[in-house]
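# What the coordinates show
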Protein chains: 4
Amino acid sequence: MTHKIAILGASGYTGAELVRLIATHGGMEIVALGANSKAGQSMAEVFPHLRHLDLPDLVTVDEIDFATVDLCFCALPHKTSQEVIKNLPRDLKIVDLSADFRLRDPSAYQAWYGNAHAATEIQKEAVYGLTEFYRDEIRNARLVAGTGCNAATGQYALRPLISGELIDLDEIILDLKCGVTGAGRSLKENLLHAELSEGTNAYAVGGTHRHLGEFDQEFSTLAGRPVEVQFTPHLLPMNRGILATVYVHGDPDAIHAALSEAYLSEPFLEVLPFGETPSTHQVRGSNFCHIGVTGDRKPGRAIVVAALDNLTKGSSGQALQNANLMLGEDETRGLMLAPCFP
Amino acid sequence: MTHKIAILGASGYTGAELVRLIATHGGMEIVALGANSKAGQSMAEVFPHLRHLDLPDLVTVDEIDFATVDLCFCALPHKTSQEVIKNLPRDLKIVDLSADFRLRDPSAYQAWYGNAHAATEIQKEAVYGLTEFYRDEIRNARLVAGTGCNAATGQYALRPLISGELIDLDEIILDLKCGVTGAGRSLKENLLHAELSEGTNAYAVGGTHRHLGEFDQEFSTLAGRPVEVQFTPHLLPMNRGILATVYVHGDPDAIHAALSEAYLSEPFLEVLPFGETPSTHQVRGSNFCHIGVTGDRKPGRAIVVAALDNLTKGSSGQALQNANLMLGEDETRGLMLAPCFP
Amino acid sequence: MTHKIAILGASGYTGAELVRLIATHGGMEIVALGANSKAGQSMAEVFPHLRHLDLPDLVTVDEIDFATVDLCFCALPHKTSQEVIKNLPRDLKIVDLSADFRLRDPSAYQAWYGNAHAATEIQKEAVYGLTEFYRDEIRNARLVAGTGCNAATGQYALRPLISGELIDLDEIILDLKCGVTGAGRSLKENLLHAELSEGTNAYAVGGTHRHLGEFDQEFSTLAGRPVEVQFTPHLLPMNRGILATVYVHGDPDAIHAALSEAYLSEPFLEVLPFGETPSTHQVRGSNFCHIGVTGDRKPGRAIVVAALDNLTKGSSGQALQNANLMLGEDETRGLMLAPCFP
Amino acid sequence: MTHKIAILGASGYTGAELVRLIATHGGMEIVALGANSKAGQSMAEVFPHLRHLDLPDLVTVDEIDFATVDLCFCALPHKTSQEVIKNLPRDLKIVDLSADFRLRDPSAYQAWYGNAHAATEIQKEAVYGLTEFYRDEIRNARLVAGTGCNAATGQYALRPLISGELIDLDEIILDLKCGVTGAGRSLKENLLHAELSEGTNAYAVGGTHRHLGEFDQEFSTLAGRPVEVQFTPHLLPMNRGILATVYVHGDPDAIHAALSEAYLSEPFLEVLPFGETPSTHQVRGSNFCHIGVTGDRKPGRAIVVAALDNLTKGSSGQALQNANLMLGEDETRGLMLAPCFP
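We now turn to the structure provided with this report. (Residues numbered from 1 in each chain as written. Chains lettered and ligands numbered in written order. Predicted model: local features only at pLDDT ≥ 70, side-chain atom pairs only at ≥ 80, totals over all residues. Heavy atoms only, no water.)

### A closer look at the packing of helix H7 (residues 149-163) of chain D against helix H9 (residues 211-223) of chain D
All names here are of chain D. Definition in use: Every axis in this analysis is a line fitted to C-alpha atoms, fitted for helices over the stretch in contact. Angles between the N-to-C directions lie between 0 and 180 degrees. By definition, any uninterrupted DSSP run of H or I lasting at least four residues is a helix, any uninterrupted run of E lasting at least two residues is a strand, and each is numbered from the N terminus. The cut-offs work like this: below 35 degrees is roughly parallel, past 145 is roughly antiparallel, 65 to 115 is roughly perpendicular, and the gaps in between are oblique. Handedness of a crossing is defined here by the sense of rotation of the near helix relative to the far one, left-handed for an anticlockwise turn of less than a right angle and right-handed for a clockwise turn. Working rule for contacts: check all heavy atoms of both residues, and any pair within 4.5 Å makes them a contact. Under the grouping applied here, Gly and all other residues not named as nonpolar or charged are polar, the nonpolar ones being Ala, Val, Leu, Ile, Met, Phe, Trp, Tyr, Cys and Pro and the charged ones Asp, Glu, Lys and Arg.
Taken N-terminus to C-terminus, the directions of H7 and H9 make an angle of 15°; their axes are 10 Å apart at the nearest point. Taken together, the axes of H7 and H9 lie roughly parallel to each other. The chirality of how H7 crosses H9 is right-handed. Contacts between H7 and H9 involve Cys149, Asn150, Ala151, Gly154, Gln155, Leu158, Arg159, Ile162 and Ser163 on the former and, on the latter, His211, Glu214, Phe215, Glu218, Phe219, Leu222 and Ala223. Across the contact of H7 with H9, the residue classes break down as eight nonpolar, five polar and three charged.

Have a look at this one:
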């Protein structure tokens, strides 16, 4: 059986990544590609690397007949996504890759994103899309809200430690290193090759990055009390990849054991032997997340490092994994691509 | 039916690329990984990006029981390859990725490689592995000699022009731009990140690059007279990719028509609309080759630009394509991965 | 004696490069920085790497009192430059870095740039800024037109061969590899890190690049007959640097001798020993140009490779070199910075 | 007056960087370049970017007549340096760039470096080379021990906070991002372009990096009690630059004030306005260090980010700064090069 798929926001990087993954899925047919600003163009014009595929031309969202669509991926910008989704059929299965339906509390949404939510009714339906921790809900969901790419990485490193009560909740520091595609295909000066290559900087320093809304929501729920982590992202001269270096107070061996046990059966989460550290090179272009645990020379301190590809496990791969569940497919279908190294 | 596969030289980049491609092939099982210098290690130690796969540990070539192997990929260094292959069973199907069996004339081999060939009898069996032009021979071959990555790129741009008698054979210039993995995983100063990133240089200038042996052999055979092209490779700060800019004297429209017709049914060779030019970004990690033709302002001059990924279409992808033919599989099996962009 | 300097277009890369070079010149004081779109900002906001310098804030061009200025660098976009310069005092010394005054023939200007020239009277005054070949004229010039960065590189490789009648004028191919800063600080999709890093492509293929106007003008003048070269630029994933690989018909030894002799006393042009090839790494951030000559295996063919930094010797360094001449300073003052490698 | 300079270890990156800086110093003449493994070669062969300079050929250390040398830079590998220096004249002024004389306590040296120190008598003479904090001692020193590049970056961020008693000494985390030249010109697999570009990883996780020996020594001395920081370096795909992201418990405003005051008169240390963050792009190729302070959303937490170029301010620039002091020169001579951006 072949599922009919629509992708909205097909002219962005996460849209292209969805097409790349679906190309070898075998059980999905892309019937519509929406991209208002580039409607009328062929996908080969917008993304020449996909020219070998037989794909529909880009159209506006209005032109799509959703009655023929089994599942719709929304890879639209934040805020646009809620406006679009609230006008889609209410029985259409949707995987949203934007930030719009991640936060369950509308006031938290407003605090982090600066505007009132325009589709609060729909937000109630949304399931948070961190597959490994919401698998059953996702399987039955109509609308899944894909996580932030940084938020996914940090949660893979931390959730079992929080739920296992293994760490001091007031002393959690996430220092993240992110590739540039996390910022999308947007024309900003700091994303130019000339500005970005051969150097690095921190940004959104001091607790202002929006993915903190997700950390707060998820970690506080897990802990049963408010948890606020420190989180500093850095922009690196690389296209794909997130490396989260997480500093915690806790017993390194217990932490390694908890992560190993939690992810033992997970097809995409690999916990390395104790003392080894992952590299974003080793997950590039794949849906895998590698996690390493090391003890510090200071007793009672551990460093957990997690690496994934922001475009794959951090967004489009996660989205496909969730779509597989929603459609009754094998969860890993189309996602077993080995990382592209070197 | 699952074919039993051995890979010799599994600790190099082309070896790893073979494993990456076979990982989603579905009809092949890797039963042996040979790498004398790293024998005893697991593949996860040598290439951590492959850690999710269930692979045999690395062994020496001597430890492999070839009786259980249906096809062997040899991804060994030049000269080593002929020494190893001459001691392998004479009925074993082999796809060699080295330079050792590309040149049919032993004296040409000696001239370009500086040593007498140690397995001239076996060389007689070898079929040149440029799939699209030797498909039938490859299907029936025991030993296929993978082409040089630069040699493949240049031939895709030029063969139909030569066989169609469309260009001046004395005025052919190939200016190639190559990514660094073409040089393998070797510890050389000029391959260090610090020496290579953010700059470029030509090398083997003036007609000294060994892939010229292949160009001479193939183009002279095609033309029925000696053909010597000019060929200058350049090392670029990128890991994968070859861009061949080929300058010829001939009619641009006729050239475009000839290439379009020649590759009309080819699954991996894409001729762009007249006047468009390809980019190595658009083929990265894939088995596709994009080819563009443009006329120059000087009448009777054309520029043909061809782009492929040296590790895939230029070596390991080509090798798998040939292996599929030799094993009676669909030629494209395992090779339809979309390029990994960005 | 300290010369008072104004820089128009100070918010672009060539503007910043001028400030970088002047910072250690010792005989120049920057009294005005013009940048209409960023007027009111400090240079530290626009270019934080210059924050240690005591510089005036950015202003609009109208706000500058040119009566106090000894020499003005115009690093404005093409077309804007002529509009601005025609309104500047007619006795102000100007070094223009745009394309506006490079072509002596207004019809050639219109053909390459698509618009009528708005300051043809001023154009008559302009001296072409290729220092080594127009030194005396520059010394006495009021207005010097900086060359195109590609045009400079190609001319360094070719001028002595043309004036020496050493090569076939109908068979000249320039294959150029350019870093991304050649395109300026402009927000274009193909200049994003995600689109550019780890790959390459040709552009303006077939004789459409505007720097051909300069090649045509200069080479035809030198040869005393029309000369049209073939010229294909490529965009490389690096910030600075141009490598010109020039294919000619001629005697390699005579070519090497001619270049060596021509540049024997030049402080910035280094001809390498015969058979060696330069690298853009080796000139990064400096005003040097390295040139190598190699013979091809085809008799009577030579390859000349020239490397320079497009922001320095290709534009702002050249501009400062010319300004030194115009101001009676030592030509090399402020320009002896060693290349920044690695 | 021109000082006669020798550089030992001239074939490495810090050696080349010393030559680059001295090239525009004006008061130094390089009279000897030592490099045992490349003795007999010219500097132009080893570092072609320095070919325009009139430099002596490389020689073995034994061939150098130190009687004619005013000051010797030792840019040799760790352990080799102490062996060589103990055999140099006891009145020769030396700036050592290795790790050999940084740690005052021989047992600390042995603990971090794994071998007994071979020149403990000389070690007693050594002054720690962090210029801004040991300026007077350096001025009178015979032997200055250059700091580790990571150690310098971290200390610039932290020393005024520790001496000002502004932070909790038990909760200091330094997350460092380092360019690849910090590892020198060594042929290691992980330093290859193919392995390093487009990805990142942590290394020496958990408190095993040798620069911790310097942090421990300096911070404990400052605090008057043992201080152990957490320190995790990361390797980034860039050639130059260190970004230290330092997490502390303390009042952000007081921290910013303390840093601003401490570095008010320092020519190379720039404290940014509160809330701004530095970038390694902005210091590349220069001797400047940019420092930013931001408060976290968690009260009482601050993030200090420091950026410098490891080859310049982190090693060779620092070395030249110290040499200037030792020779009675202006401390900033030869070091006011503006950063090379982009």
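### Section: the interface of chain C and chain B
Where the parts come together, the accessible area they lose is often given as the size of the interface. The line we're drawing: Accessible area, probed at 1.4 Å, shrinks when two parts are joined; the buried area is that loss added up over both. Here, a salt bridge means any Lys or Arg side-chain nitrogen found within 4 Å of an Asp or Glu carboxyl oxygen. Any pair of N or O atoms that falls within 3.5 Å is considered a polar contact. Within protein, one atom must be able to donate a hydrogen and the other to accept it, and sequence-neighbouring residues count only if both atoms are side-chain atoms.
Taken together, the contacts link 50 residues of chain C with 50 residues of chain B. When chain C packs against chain B, close to 4400 Å² is buried across both sides, 49% of that on carbon and sulfur atoms. Contact with chain B buries area across many residues of chain C, yet Glu198, Gln230 and Arg297 of chain C alone supply 18% of it, more than any other trio. Along the contact surface separating chain C from chain B lie eight salt bridges. The residue Lys177 of chain C makes a salt bridge to Asp175 of chain B at a minimum N-O spacing of 3.0 Å. Seen at the junction of chain C and chain B, the total is 44 residue pairs in polar contact (both at pLDDT 80 or more). Listing elements by their share of the side of chain C that touches chain B, those giving two or more residues are strand E8 (173-178), helix H8 (193-196), strand E9 (201-202), helix H9 (211-223), strand E10 (230-235), strand E11 (242-249), strand E13 (289-295) and strand E14 (301-308) of chain C. Classifying every residue of the side of chain C that touches chain B gives 18 nonpolar, 18 polar and 14 charged.

### Describing the packing of aromatic side chains
We describe a pair of aromatic rings using the distance from one ring centre to the other and the angle between the two ring planes. Residue and element names in this part refer to chain A. The following threshold applies: In summary, the pairing rule links any two rings of Phe, Tyr or Trp, Trp by its six-membered ring, whose centres are within 6.5 Å, and it sorts them by plane angle into stacked for under 30 degrees, edge-to-face for over 60 and tilted for everything else. Between buried and exposed lies partly exposed: a residue is buried under 20% and exposed over 50% of the maximum accessible area for its type, with that area taken using a 1.4 Å probe on protein chains only. We call a charge positioned over a ring when the NZ of a Lys or the CZ of an Arg lies within 6 Å of the ring centre and within 35 degrees of the ring normal.
As enumerated under the stated definition, the model contains 33 aromatic pairs over all chains in all. With a centroid separation of 6.5 Å and an interplanar angle of 85°, the aromatic rings of Tyr156 and Tyr263 are classed as edge-to-face. Remark: Tyr263 occurs in the loop between helix H10 (252-262) and strand E12 (269-271) and Tyr156 occurs in helix H7 (residues 149-163); sequence separation between them is 107 residues. The same class applies to Tyr156 and to Tyr263, which are both buried. By way of ring pairs, the aromatic residues Phe133, Tyr156 and Tyr263 are connected into one cluster. Over the aromatic face of Phe133 sits the side chain of Arg159, whose NZ or CZ is 4.6 Å from the ring centroid.

### Some points on the interface of chain D and chain A
If you look at the interface, chain D gives 50 residues, while chain A gives 50 residues. On the chain D side of the interface with chain A, the three residues burying the most area are Glu198, Gln230 and Arg297 of chain D, jointly 18% of the side's total. For the interface between chain D and chain A, the tally reads eight salt bridges. Residues Arg297 of chain D and Glu228 of chain A are paired through a salt bridge, measuring 3.8 Å at the closest nitrogen-oxygen approach. Of all the secondary structure elements, the ones that give two or more residues to the side of chain D that touches chain A are strand E8 (173-178), helix H8 (193-196), strand E9 (201-202), H9, strand E10 (230-235), strand E11 (242-249), strand E13 (289-295) and strand E14 (301-308) of chain D. Here the residues of the side of chain D that touches chain A sort into 18 nonpolar, 18 polar and 14 charged.

### Some remarks on the pattern of salt bridges
A complete count under the given rule lists 100 salt bridges over all chains for this structure. Between Arg51 of chain A and Glu276 of chain B there is a salt bridge, with the nearest N and O atoms lying 3.6 Å from each other. You can see Arg51 of chain A sitting in the loop between helix H2 (43-46) and strand E3 (58-59) and its partner Glu276 of chain B sitting in the loop between strand E12 (269-271) and strand E13 (289-295), one on each of two chains.

### Focus: the side chain of Lys298 of chain B
Rules: When charges are counted, neither His nor the chain ends are considered; positive counts come from Lys and Arg and negative counts from Asp and Glu.
Locating Lys298 of chain B in the fold gives a position in the loop between E13 and strand E14 (301-308). For Lys298 of chain B, which is buried and forms no salt bridge, the nearest opposite charge comes from Asp170 of chain C, at a distance of 4.7 Å. In this structure the side chain of Lys298 of chain B is engaged in a polar contact, spanning 2.5 Å, whose partner is the backbone oxygen of Glu228 of chain C. Apart from residues no more than four positions distant in its own chain, Lys298 of chain B is found in contact with Asp170, Glu228, Val229 and Gln230 of chain C.

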